[in-house]
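Read off the chains here:
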Amino acid sequence: MKKIALPLCFGLAAAHAAIPVAHAQSSVDVYGLMDAALVQERGISKLTSGVSAGSRLGLRGTEDIGNGLQAVFTLEAGLLTDTGGSDQAGQLFGRQAFVGIKSPLGMLTVGRQYNLQSQALTDVADPFEGGMAGASTNIAGYSATRIDNTVRYTSPEWRGLTAIAMLGAGEHSGLAADQRSLGLSLGYVNGPLTLRLARQSRGGEPGKANVNNTILAGNYSFGLATAFAGYGSNTGEGSSMFFAENPYGAPVAPTVSTDSRDALVGVAVPLGATTLLASFIHKDDRNAANRDAQQLAIGATYALSKRSKFYVAYAQIRNRNGAAYMVGNATEVGSGDRALNIGLRHAF
């Protein structure tokens, strides 16, 4: 990460008199991550980008504006390491783009920001951190990774507690409730224990129910290993991962689950420069079709340095009653019910 200090100095001078110069301190960080891997999926072998985490190039900065206040911003562009193109369907700053004010009373930001339920799932409950073949997002429910047109408030930390509220304006004319969204999150950190309860809701399509995703996520470090767990509830069309109409060529195309529960357990075991990973996820479909799914994943990372590491991961999904969940990774939805990844990532 590179830091650029930008002192801003302004002054005026008058004949025979000097007016004091006001100083405001500003800094901008340039950062990024490059990730590429060999991926073996259902009949497909390829070199692809963003497998353990999305490749990106970002800028973030702060400016001290006095009275304990700071102006803050983040601009983060998704990249495709294998082609040099843009991720997030070609959006220039498709990962994050927001500006705000930070104060002793908390931080208020406005722009394109992360879904709170998705963050709790990947950052707290998942030993694979939402990446590699073992990504919890392969079958666990969330309605969107990021949400446009949002206003987000993050409280100061108090005795390990942090609260977040996020309101999305929607701005999609003609849709029910204009697709407005509301996210709420309450987190607690105390030494080796991390807990987070999060809920993300948005208006459904015309004539359909609202989409709601709720999760209780946690992890605990025992020193020799860190245990992970999560339990989520998903209701409404679009509340669970579902992209392909019929990826396995079933005689009857599967339907989208509108009511499901997710249970996740996992572990990360550090052994020197190597960390072993494993997780198991069960999706309980509450619809009449009862299209349940289970994912078992194993993996390992090897740290070459603080910023570079190799990784390998394998996951398999067992679909029931015509369910059609697929093993993807941090940026792709996958093409089948199993996948092997071997890759390298470097952060800067």
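Look up a bit, the structure's there.
Now for a quick tour of the structure.

The rules we used
- Residues numbered from 1 in each chain as written.
- Predicted model: local features only at pLDDT ≥ 70, side-chain atom pairs only at ≥ 80, totals over all residues.
- Heavy atoms only, no water.
- 1 Å grid on protein atoms, 1.4 Å probe; cavity = no way out; pocket = protein on both sides within 12 Å on 5 of 7 lines; lining within 4 Å.
- Points joined across faces, edges and corners; volume = space filled by probe spheres on them.
- Helix = DSSP H or I, 4+ residues; strand = E, 2+ residues; numbered from the N terminus.
- Nonpolar A, V, L, I, M, F, W, Y, C, P; charged D, E, K, R; others polar.
- Pairing = 2+ DSSP bridges.
- Buried < 20%, exposed > 50% of the residue type's maximum accessible area, 1.4 Å probe, protein only.
- Polar contact = N/O pair within 3.5 Å; in protein donor to acceptor, adjacent residues only side chain to side chain.
- Contact = heavy atoms within 4.5 Å.

1. Brief notes about empty space enclosed by the protein
For step 1, the next point in the chain: Under the definition given, this model contains two cavities of 30 Å³ or more.
For step 2, the next point in the chain: Empty space within the largest cavity amounts to approximately 60 Å³.
For step 3, the next point in the chain: Lining the largest cavity are Gln117, Leu121, Ala140, Gly141, Ile215, Gly230, Tyr231, Gly232, Asp262 and Leu264.
For step 4, the next point in the chain: For the lining of the largest cavity, the elements supplying multiple residues, two or more each, are α1 (116-125), β17 (226-235) and β18 (259-271).
For step 5, the next point in the chain: If you tally residues by element for the lining of the largest cavity, the top one is β17, at three residues.
For step 6, the next point in the chain: Taken together, the residues of the lining of the largest cavity sort by class into five nonpolar, four polar and one charged.
For step 7, the next point in the chain: Size it by volume and the second largest cavity reaches roughly 40 Å³.

2. Points about the pairing of β18
On any regular strand, side chains alternate: one points to one face of the sheet, the next to the other face.
For step 1, the next point in the chain: Both β17 and β18 contribute to a ladder of 10 bridges, which runs antiparallel. Bridge assignment links Tyr231 to a residue of β18, and that residue is Ala263.
For step 2, the next point in the chain: Examined bridge by bridge, β18 and strand β19 (residues 274-285) share 12 bridges and lie antiparallel to one another. Each bridged residue has a counterpart across the sheet, and for Pro270 the counterpart in β19 is Thr275.
For step 3, the next point in the chain: Taken together, β18 and the strand that follows it, β19, pair antiparallel across an intervening segment of two residues, in which Gly272 is found at a positive phi of about 70°.

3. A look at α1
For step 1, the next point in the chain: Most of α1 sits inside the fold, with nine of its 10 residues counted as buried.
For step 2, the next point in the chain: All of the buried residues in α1 are Leu116, Gln117, Ser118, Gln119, Ala120, Leu121, Thr122, Val124 and Ala125.
For step 3, the next point in the chain: Capping the start of α1 is the job of one residue whose side-chain oxygen sits 2.7 Å from the backbone nitrogen of Gln117: Asn115.

4. Concerning unusual backbone geometry
Peptide bonds are trans in most cases, and residues, glycine excluded, mostly fall at negative phi.
For step 1, the next point in the chain: Positive phi outside glycine occurs at Arg159, with the angle close to 50°.
For step 2, the next point in the chain: With respect to the helices and strands, Arg159 occurs in the loop between β12 (146-154) and β13 (161-168).
For step 3, the next point in the chain: The exposed category is assigned to Arg159, whose relative accessible area is 69%.
For step 4, the next point in the chain: Positive phi is not limited to glycine here, since Asn321 has a value of about 55°.
For step 5, the next point in the chain: With respect to the helices, strands and loops of the structure, Asn321 is situated in the loop between β21 (308-319) and β22 (338-347).

5. A short note on the environment of His282
For step 1, the next point in the chain: You can see His282 is positioned in strand β19.
For step 2, the next point in the chain: The spatial distance from the C-alpha of His282 to the C-alpha of Gln294 is 4.5 Å, given a sequence separation of 12 residues.
For step 3, the next point in the chain: Contacts of His282, omitting those with residues within four sequence positions, involve Arg261, Asp262, Ala263, Asp292, Ala293 and Gln294.
For step 4, the next point in the chain: Of the polar contacts made by the side chain of His282, one reaches the side chain of Gln294; its length is 3.4 Å.

6. Concerning the pairing of strand β16 (residues 211-221)
For step 1, the next point in the chain: Relative to β16, strand β15 (residues 193-202) is paired through 10 bridges, and the arrangement is antiparallel. In the strand pairing of β16, Ser201 is matched with Asn212.
For step 2, the next point in the chain: Across 10 bridges, the pairing between β16 and β17 is antiparallel. Counterpart to Asn213 in the pairing with β17 is Asn234.
For step 3, the next point in the chain: Counting the residues between successive antiparallel strands, the hairpin from β16 to β17 contains four residues, one of them, Gly223, with a positive phi of roughly 95°.

By themselves, these figures tell us nothing about what the structure is for.
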